[in-house]
Structures are given as C-alpha cells and as structure tokens.
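Per-entry structural report
Listed below are the residues making up each chain.
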Amino acid sequence: MKRTLFSYPYILWMALFILAPMLFIVYHAFFENGRWTMEYIKAAFEDAVYFKVLLRSIMLAFEGTLLCLLLGYPTAYMLSTMKKSTAALLSVFFILPMWMNFLLRTYAWQVLLGSSGIISRILSFFGFSDVLLLHTEGAVLLGTVYNFLPFMILPIYTVLIKLDKSHIEAANDLGADGITTFFKVVFPLSMPGVISGITMVFIPAITTFAISRLLGGGKYRLYGDLIEQKIVSDGDLGLGSVLSLILLVLVLISIVIMQKAEKTAGSEGGTLW
Amino acid sequence: MSKHLIELINVSKDYEGDAALQNVDLYIRDGEFLTLLGPSGCGKTTMLRIIAGFVLPTSGKVLMDGEDLSGVPPYKRRVNTVFQKYALFPHLNVFDNIAFGLKIKQVPKSEIERRVNSMLEMVNLKGYDKRWVDQLSGGQQQRVAIARALVNEPEVLLLDEPLGALDLQLRKEMQVELKRMQQSLGITFVYVTHDQEEALTMSDTIAVMRGGVIQQIGTPQDIYNEPKNAFVADFIGESNILPGIMKDDFKVEFNGREYECVDKGFGKNEPVEVVVRPEDVDIVDPYNAHFEGEVKSILFMGVHYEIRVESGGFVWTIHSTDPVMPGGKVGIQILPDAIHIMKKPPEDVSGESE
Ligand SMILES: Nc1ncnc2c1ncn2[C@@H]1O[C@H](COP(=O)(O)OP(=O)(O)OP(=O)(O)O)[C@@H](O)[C@H]1O
Ligand SMILES: [Mg+2]
C-alpha cells in the first residue's frame, strides 16, 4: 500500500510531461479545429521527400551505431584490462564532454572543422588546401559518433569489468589461447552490454536534430530537423505531429527488437543481467 | 607408477607478504591418485593453481616430465582443472560446456558427441544436455564441471573439492566412478578435499597440509597408523592427544600413570605428545582396568557410540559399539599398540616432506 502511495508523484509527473504531450501530438495529427482529418497523414506519405529524409536518418543512425561499436568496444575492452584507478582517470575524458551541453559540443566541432579551423590549417600546411570538411555527410557522421560514443563505451565497460575472471581461466584451462578465449567466452558474455550500447546510441541517433544543421549546413537534413522545421519554422503543427508519430513508431519497433535480442543474450548470459 | 610426472621444487607463494605456500617439495608419479588434505586456507587451491599455471610461484619451480613449466601458459599445459567454484560458462548449455575443450582441439563432431554423451552418462546427467547451466542445482553444476574437465582425458587432472556439493549417496557413487575412470584411463589425479574419509578411501598418496606447509606425505595406511605429529593425527580421524613424558624405551607416562608402549628411541624423560585413537580405548571390567572414569556423555553415531569419559582432569573420547550409563563409572584400558608417541613440535610447526 505504502509503495503505491509513494509512486503517485511519479505517476503525476509521467502524466504531465510524457503522456500529455503525447496525447497533444496524437490530437494534432488527426484533428483540425476539433474535426477528424486524414490530411496530414496523406501529406506525410505522399511527398517522397519525407520518406527520403527518413531513410537518410535511419542510414546515418546505422552507420553511427556501427562506428560507435567498432570504436567503443576496443576502448571499453582496453579500459577494462587497466588498473581501476587508471581506467577511472581515462574514463573522465569520455565523460567530461558529456557534462557539456550537446549543442555546445557540436558548435565546437563546427569551429574545428571550419575553413579557418585548426584541422584545415594543419591540412593546408601539408599542402592539402581547400579540403572541404564542414558541411559534408562525413561531418554529420562525425558529430553523431562523437556525441554518442560514450553511451556505447560505458555499458560495455560495465559488463566487462563485472565479468567473472574464472570463466576466462576455465577457457584457458581447456586449451583456449587469448584470441579464442575472447571470441568464445569474453565477447559472448559481454553481449548484454553491447546490446544496451546499441540501444543507447541508435535511438538518440535516429531522433537527433541540430547536428546535421550545424555540421551538414542544411544539406543533409535528418528527420529530427524536419520535425523541428515543420513545427517551429512553418508552424505546421499537424504535419509535424504526424512525422513525430512516425518516428515514435520507428523508435518503439527498435526498442522491441533490442529487448528481444537482450532476452536471448540474457538467457545465454545467465547471471549477467 | 614410477616416473615423476610432476615435481614441485621448493615452491613458495606469498600474497602481499602472507605465505600461502612455504618451501613445498612434492613429486607426483605418473598415474598416481594424490590427495591434498588440510583445513580451510592451508593452501590447497593455491597449489593446484600453481600446477595449472594461473598463479606463478614467488620462488621455486614446477616441472612436468622434467621440463620447467615457468614460461608455459595455462592453455599449453597438459592439465585440466575441476574448479572449486565450477566456473561453468553461463552462455553455453550443458553439452557445449562439456564439449568446449574438445571443440578447441578440433576433435571431429561425431567423436565429440560420443564422448560428451558418455560423460553425461557417467556423471548421471543424461538428458540434461540442452539445459542452461544456471538451471541446474549446485550438485548438478559440480558434475558438469567434472565432466567438462574429464572429457579431455588430460594427462593430469586437478580436482578442487569436486564432490563437495553432493549428498552422501551421490558422493559415494561418484567416488567409485572417479576412481574407476582414473584407473582405466591412467590419468594422474591431484585431488583436494576436506573430507578425511574420502582421502583415505580414494588415494594412493595423501599429503596433509597446514598453513602452507606439507606436514606428512604417505599412503593412507601410513598417515592413519603412523601420523608424524599431533596435527596429522587429529586431522586424520579423531584423536585423544595429551602431553606425556617418555620415561624410557617402551615406557611412557601420561595423565598421572605409567604405560607400556611400543615406541623407543626418545631421550630419557623427554616430553612428548601421546595420541590414542578413540576406537583404541577399551572399556573393560574395573578390575582389569588401567584407571576408572566417569561417563560424561554418550552419543549414538550410527555405527558406534561416542562416549566421553573424564578421569584425572582429562576427557577421553571413546568409540564403542556397546552403550554405557551416563553418570556411571567405567574401567578403561589402553593397550601398548594403541599408544602413538609423537615428538613435541617446536613452537612453530615446521613441516617436512617425505
Ligand atoms: N588471490 C589471493 N590474494 C590474496 N590472498 C590469497 C589469494 N588466494 C588465496 N589467498 C590466501 O592464501 C591462503 C591459501 O588459500 P587457498 O585458497 O589455497 O586455501 P585452500 O586450502 O584452498 O582453502 P579452502 O579449503 O577453504 O578452499 C589463504 O590464507 C588465502 O587467504
Ligand atoms: Mg580451496
């Protein structure tokens, strides 16, 4: 009884800040001046541009997640093999930028990659002048990876340091060398961390906005930017709401897939989760 | 049975200054069943881990077939371990756990299947092959751990209390089964246990340890009948241990009386320790007795009664198949060959091996 009592403020909070905006969006997607309408749904599906942008967002989220995994796993692995104090010191470097506002971090990259930025200057010093860095698709990808990499490293690192060393010894005992032990024991046992890392990168990456505007110069609009533009600049609340709903469905689908994957990894990973 | 397969030469291991093993010298013959026996924390697991290669000795070396193992990593040693805490792979089912070592050696699939299945049968887990290991009881997990190591038919198998989680009946069955496998496959066993009865029934050789030092090495008979010191005597079976004085050859005084014994070669009036097994103390008619005592308690133990009798300030533990009346007086006789005389240890029990 007490427990339910304590949860009331939380339920109120949820209702006010999560459920209400959601209903608000659903309302604006399907109603116009209090009357049912399918106009906005039709508009969202008729114009191929929206679909193209959605595809680009998904692609970028995939690429970004993959890159984060390829960079994040080895980093997390190296951190996990270090002494606790060294690892703590090093992980400050990953966590510190996270304390800074996301927009500020992205502005910083805008300056760094700009035509008079330090990277361009170094490149031109070596003879590569007029290399376009900013306003490229690569810049957008870089911004995504940079912003979300810590969310890949931390869950993997957490699983790796909790990994029972006796399993590694058992594998060695049964004749597995370092590499075999990694692929047959360490990596499978770290799957739960990999999956939550993927979830924590993919979902923010697919919904992200501003990165592409700041680093892509508006040439590589993402779905998040589209929603922002519809609602904030064009004042088209109806279409913006429909686009939001489409994105929401996409996010829900990916969460379900991740949870499925986590469950299989969980039953295999046994006591890990 | 004669070749020294494994040899530990003056091996010591310190953990941040605390000695877990001190100057251990030990050889293990090819095909031998050697048991390390000793109280918790005496260094048994440490010894196995040094042989397996997970722990490097602080000093001394380990030889296998005369070859120094110092630079040889665990995965290259022809040794498998049944870990005290099992260390089964949680991401693999029972079958794949047991097949792990064989797959790494790239044994053909059909042979893997055959060997794993016969192992499952041996450890009484037929039909459990598809289970996840966290769906097994402690005793079942322990048997998977045994199977996972034994299936590789290594030259040497290190077993760290492999039957600790099993009930008495299953433990007895597995003891017989392990001994049979050990003999038929000719595997050298280094076996760790707390259980002295298990050690006595299964081993060719027992090494009794205490505080990182080997107290005595010998056959079960040697260790039981001729314990080298009071610790070994007490650890292998219960014992009455009391201080005494060696009056002369074949004459010892303890608890205020002189007894005949079969030991000689001590100094005149040398203080010694006297060990008498509970089953060697006889309850007799008072007029045949060496002394009388008062029965303090009697406890039924199944096969025998455990009787405590006080006399002259010492409480004797006696095992007898006949009950006596608590509170009553009984006569007690101790025959010469029941009396074992031990040298008094110097303050610090320093061990020797063989
Ligand atoms: N990794 C370690 N770090 C520090 N001390 C250790 C370590 N491993 C073991 N020790 C110490 O070494 C001594 C011997 O330990 P060991 O595990 O070999 O005992 P054991 O005979 O196997 O005991 P048990 O019967 O309880 O398993 C103990 O005092 C223990 O505290
Ligand atoms: Mg131990």
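Not measured: the values here are computed from a predicted model.

1. Points about the site of ligand 1
Residues and elements named next belong to chain B.
- Around ligand 1 sit Y15, A20, S40, G41, C42, G43, K44, T45, T46, Q84, E161 and H194, and those are all the residues in its vicinity.
- T46 has a polar side-chain atom sitting 2.5 Å from an oxygen atom of ligand 1.
- One of the side-chain N or O atoms of H194 is found 3.1 Å from an oxygen atom in ligand 1.
- For ligand 1, the protein covers 59% of the area, taking 640 Å² as the surface of the free molecule.
- With three residues, the single largest contributor to the shell around ligand 1 is helix α1 (residues 44-52).

2. Description of the sheet that holds strand β5 (residues 67-68) of chain B
Residues and elements named next belong to chain B.
- Strand order in the open sheet formed by four strands is β2-β1-β4-β5, and the pairing between neighbours is antiparallel. The open sheet terminates on both sides in strands that have one partner only, identified here as β2 (18-29) and β5.
- Here strand β1 (residues 4-15) runs beside strand β4 (residues 59-64); their pairing, made up of five bridges, is antiparallel. Counted as the bridge partner of I9 is K61 from β4.

3. Remarks on the domain arrangement of chain A
All names here are of chain A.
- Looking at the assigned domains, one finds that chain A contains domain 1 (1-37) and domain 2 (46-269).
- Facing the seven residues of domain 1 at the interface are seven residues of domain 2.
- Each partner contributes to the roughly 520 Å² buried at the junction of domain 1 and domain 2, and carbon and sulfur atoms together form 86% of this total.
- Among the residues of domain 1 in contact with domain 2, I25, H28 and A29 are the three that bury the most area, contributing 68% of the side total.
- Where domain 1 packs against domain 2, one counts zero salt bridges.
- Scanning the region where domain 1 abuts domain 2 turns up zero residue pairs in polar contact (both at pLDDT 80 or more).
- Considering only residue class, the side of domain 1 that touches domain 2 consists of six nonpolar, one polar and no charged.

4. Looking at the interface of chain B and chain A
- On the side of chain A, 21 residues touch chain B, which itself brings 23 residues to the contact.
- With both chains or domains summed, chain B and chain A bury close to 1,900 Å², and 64% of this area falls on carbon and sulfur atoms.
- It is Y75, P90 and H91 of chain B in chain B that bury the most area against chain A; as a group they hold 31% of the surface buried on that side.
- Viewed at the interface, chain A and chain B are joined by one salt bridge.
- One salt bridge connects R49 of chain B with E169 of chain A, and the closest N-O pair in it is separated by 2.8 Å.
- Here chain B is connected to chain A by five residue pairs in polar contact (both at pLDDT 80 or more).
- At the level of elements, α1, β6 (79-82) and α2 (94-104) of chain B are the ones that each hand at least two residues to the side of chain B that touches chain A.
- Looking at the side of chain B that touches chain A element by element, the count peaks at four residues for α2 of chain B.
- Within the side of chain B that touches chain A, the residues separate by chemical class into 13 nonpolar, five polar and five charged.

5. Focus on the domain arrangement of chain B
Residues and elements named next belong to chain B.
- Each assigned domain of chain B is listed here: domain 1 (4-230) and domain 2 (240-349).
- If you look at the interface, domain 1 gives nine residues, while domain 2 gives eight residues.
- Across the interface of domain 1 and domain 2, roughly 730 Å² is buried in total on both sides, 54% from carbon and sulfur atoms.
- Counting the surface domain 1 buries against domain 2, the share from its top three residues, Y224, P227 and A230, is 59%.
- Between domain 1 and domain 2 we count zero salt bridges in total.
- Counting every contact that joins domain 1 to domain 2 gives three residue pairs in polar contact (both at pLDDT 80 or more).
- In terms of residues, the side of domain 1 that touches domain 2 owes the most to one element, helix α7 (residues 220-225), which gives three residues.
- For the side of domain 1 that touches domain 2, a count of residues per class yields four nonpolar, three polar and two charged.

Definitions and limits used
- Residues numbered from 1 in each chain as written.
- Chains lettered and ligands numbered in written order.
- Predicted model: local features only at pLDDT ≥ 70, side-chain atom pairs only at ≥ 80, totals over all residues.
- Heavy atoms only, no water.
- Near = heavy atom within 4 Å.
- Polar contact = N/O pair within 3.5 Å; in protein donor to acceptor, adjacent residues only side chain to side chain.
- Areas by Shrake-Rupley, 256 points an atom, 1.4 Å probe, with all protein chains shown as cover.
- Helix = DSSP H or I, 4+ residues; strand = E, 2+ residues; numbered from the N terminus.
- Pairing = 2+ DSSP bridges.
- Domains from an automatic or database assignment.
- Contact = heavy atoms within 4.5 Å.
- Buried area = accessible area lost by both parts, 1.4 Å probe.
- Salt bridge = Lys/Arg side-chain N within 4 Å of Asp/Glu carboxyl O.
- Nonpolar A, V, L, I, M, F, W, Y, C, P; charged D, E, K, R; others polar.

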